[in-house]
Every structure is written in C-alpha cells, then in structure tokens.
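If you want the building blocks of each chain, they are given just below.
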Amino acid sequence: MALMDDIRGFAASIGAELKEKKGVWTMRLVVAERKAFLSRKKLEYAAKFSINDASREVRFTELLKESGSGVSGGDDAAPGFGFKKETYRTGTGPRDGDIKQQSDYFGQQYTYDFDWSEIRTRFEQAAEDAGYTFKYSVTGAGI
C-alpha cells in the first residue's frame, strides 16, 4: 500500500513511533521534556488514524498529552518520600478543544518549536495523492 509506505517514511523522518492495533494506527512523538530535581515531565504528540480502503477514506485525530514521573513528597496516608509515575490529562477528563488550544495551553509550561500542523498537512497531502479523502476529527470519534 503506497499510502501506508508514505506514512511510515514520514514517521521515520521525524523520529516518531508508529503502531497498529485493530486497524487503528497511532503515531507518537515526544515534543518536549522538563526535568527537575528527581522528577521529569514530558509532552507527547499523538496522532491516531485509520485507513478504509473500501471507501478510500483516511480518518485522523491528534492530541497533546502530558505525563510525569519522579519523587513525591508523601502525603498524610503515606508520609516520607517515594517514587511516583503517572500519566494524566489536565482537568477532570481529556482537554476540550482542538490541538491549537492544547498547544497554547502547554506552550505556557514548555518551550518547544514543534509544528503539529505540518503533520496533519502531510497526512492530508499523502491521502489526497493516493486518491483517498481525508477526514479530521477533534474528538477522534469514528476512528
């Protein structure tokens, strides 16, 4: 499949990890990291997409995700120091809004020059070049 070959080549060129599970592909790339005394946080870009050959359609969504690990200061239930690793999204659930809003939010906490719009543009162009329609979804529904 020429389309998937183009996507694999692009992912390799930017150093992204590409995996498939049940027909849904995920491309991940660490955008920025913050290191402090015995702790680390990282900001990761993730794009999920599926390719439907029958309808000649590519469905695509993307997000920024923050995760962290390091030494915790303890709490009332477990005083003292310990090691803590967590993955989380800000707020009570996934951040609302598109990736531009997510990037603006995380741009206040991290310094990075990652151009997420280039990835979406490259996917859209590869899909069109292969004769597929490109459908973008903010929520990822239907991927």
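Up top is the structure these notes are about.
Presented here is a report on the structure given in the accompanying data block. (Residues numbered from 1 in each chain as written. Predicted model: local features only at pLDDT ≥ 70, side-chain atom pairs only at ≥ 80, totals over all residues. Heavy atoms only, no water.)

## With respect to the overall build of the protein chain
The secondary structure content of the protein chain amounts to three helices and six strands. If you list the helices and strands of the protein chain from N to C, you get α-β-β-β-β-β-α-α-β. Residue burial in the protein chain is summarised as follows: out of 143 residues, 32% are buried. Intrachain contacts of the protein chain at a sequence separation of at least 6 include 50% that bridge at least 24 residues. (Helix = DSSP H or I, 4+ residues; strand = E, 2+ residues; numbered from the N terminus. Buried < 20%, exposed > 50% of the residue type's maximum accessible area, 1.4 Å probe, protein only. Contact = heavy atoms within 4.5 Å.)

## Notes on the packing of aromatic side chains
Enumeration according to the criterion identifies five aromatic pairs in this entry. Among the aromatic residues, ring-to-ring pairing joins Trp 25, Phe 49, Phe 60, Phe 123, Phe 134 and Tyr 136 into one connected group. A cation sits over an aromatic face here: Arg 56 above Tyr 132, 4.2 Å from the ring centre. (Phe/Tyr/Trp six-rings, centres within 6.5 Å; stacked < 30°, edge-to-face > 60°. Lys NZ or Arg CZ within 6 Å of the ring centre and 35° of its normal.)

## A look at the side chain of Ser 50
Along the chain, Ser 50 falls in strand 3 (residues 39–52). In contact with Ser 50, other than residues within four places in its own chain, are Gly 23, Glu 57, Val 58, Arg 59 and Ile 143.

## A look at the pattern of salt bridges
A full pass over the atoms with the stated rule returns eight salt bridges. The partner of Lys 135 in a salt bridge is Glu 57, and the shortest N-O contact between them spans 3.1 Å. On the criterion of sequence distance, the pair formed by Lys 135 in strand 6 (residues 133–136) and Glu 57 in strand 4 (residues 57–72) is long-range, its members being 78 residues apart. On the basis of relative accessible area, Lys 135 is assigned to the partly exposed category, the value being 39%. The residue Arg 120 makes a salt bridge to Glu 62 at a minimum N-O spacing of 2.6 Å. (Salt bridge = Lys/Arg side-chain N within 4 Å of Asp/Glu carboxyl O.)

## Looking at unusual backbone geometry
The phi dihedral of Lys 22 is positive, around 55°, even though this residue is not glycine. Positionally, Lys 22 belongs in the loop between strand 1 (17–21) and strand 2 (24–36). Residue class for Lys 22 comes out exposed when judged on its relative accessible area of 79%. Unlike most non-glycine residues, Arg 56 shows phi in positive territory, near 55°.

## Section: helix 3 (residues 116–129)
Between the first and last C-alpha of helix 3 there are 20 Å, a value that for 14 residues agrees with the 20 Å anticipated at 1.5 Å per step. Within helix 3 the residues assigned to the buried category are Trp 116, Ile 119, Phe 123, Ala 126 and Ala 127. Looking straight down helix 3, one finds that the buried residues subtend no more than 100° of arc, so they occupy a single side. (Expected span 1.5 Å × (residues − 1). Arc of directions from axis to C-beta.)

## Description of the nonpolar core
Within the largest apolar cluster, 27 residues are counted, with the highest numbers of intra-cluster contacts made by Met 27, Tyr 45, Phe 49, Ile 51, Phe 60, Ile 119 and Phe 123. Sorting the residues of this core by element identifies helix 1 (2–13), strand 2, strand 3, strand 4 and helix 3 as the ones contributing at least two each. Each residue touching Ile 119, except ones within four places of it in the same chain, is listed here: Phe 10, Ile 14, Met 27, Tyr 45, Phe 60 and Phe 114. (Core = buried A, V, L, I, M, F, W, Y, C linked by side-chain atoms within 4.5 Å.)

## A few points about a negative patch on the surface
Taken together, the side chains of Asp 6, Glu 124, Glu 128 and Asp 129 make up a negatively charged region of the molecular surface. Of all the elements, helix 3 adds the most residues to the negative patch, at three residues. Looking at the secondary structure, you find Asp 129 in helix 3. Overall, Asp 129 belongs to the exposed group, its relative accessible area being 59%. (Patch = residues over 30% accessible without salt bridge, like charges linked within 9 Å, V, L, I, M, F, W, Y side chains within 5 Å. Areas by Shrake-Rupley, 256 points an atom, 1.4 Å probe, with all protein chains shown as cover. Lys, Arg positive; Asp, Glu negative; His and termini not counted. Charge placed at Lys NZ, Arg CZ, Asp CG, Glu CD.)

## Section: the environment of Phe 114
Its location among the elements puts Phe 114 in the loop between helix 2 (99–107) and helix 3. If sequence neighbours within four positions are ignored, Phe 114 has contacts with Leu 29, Val 31, Tyr 45 and Ile 119.

In short, the description is geometric, and any link to function would need to be established separately.
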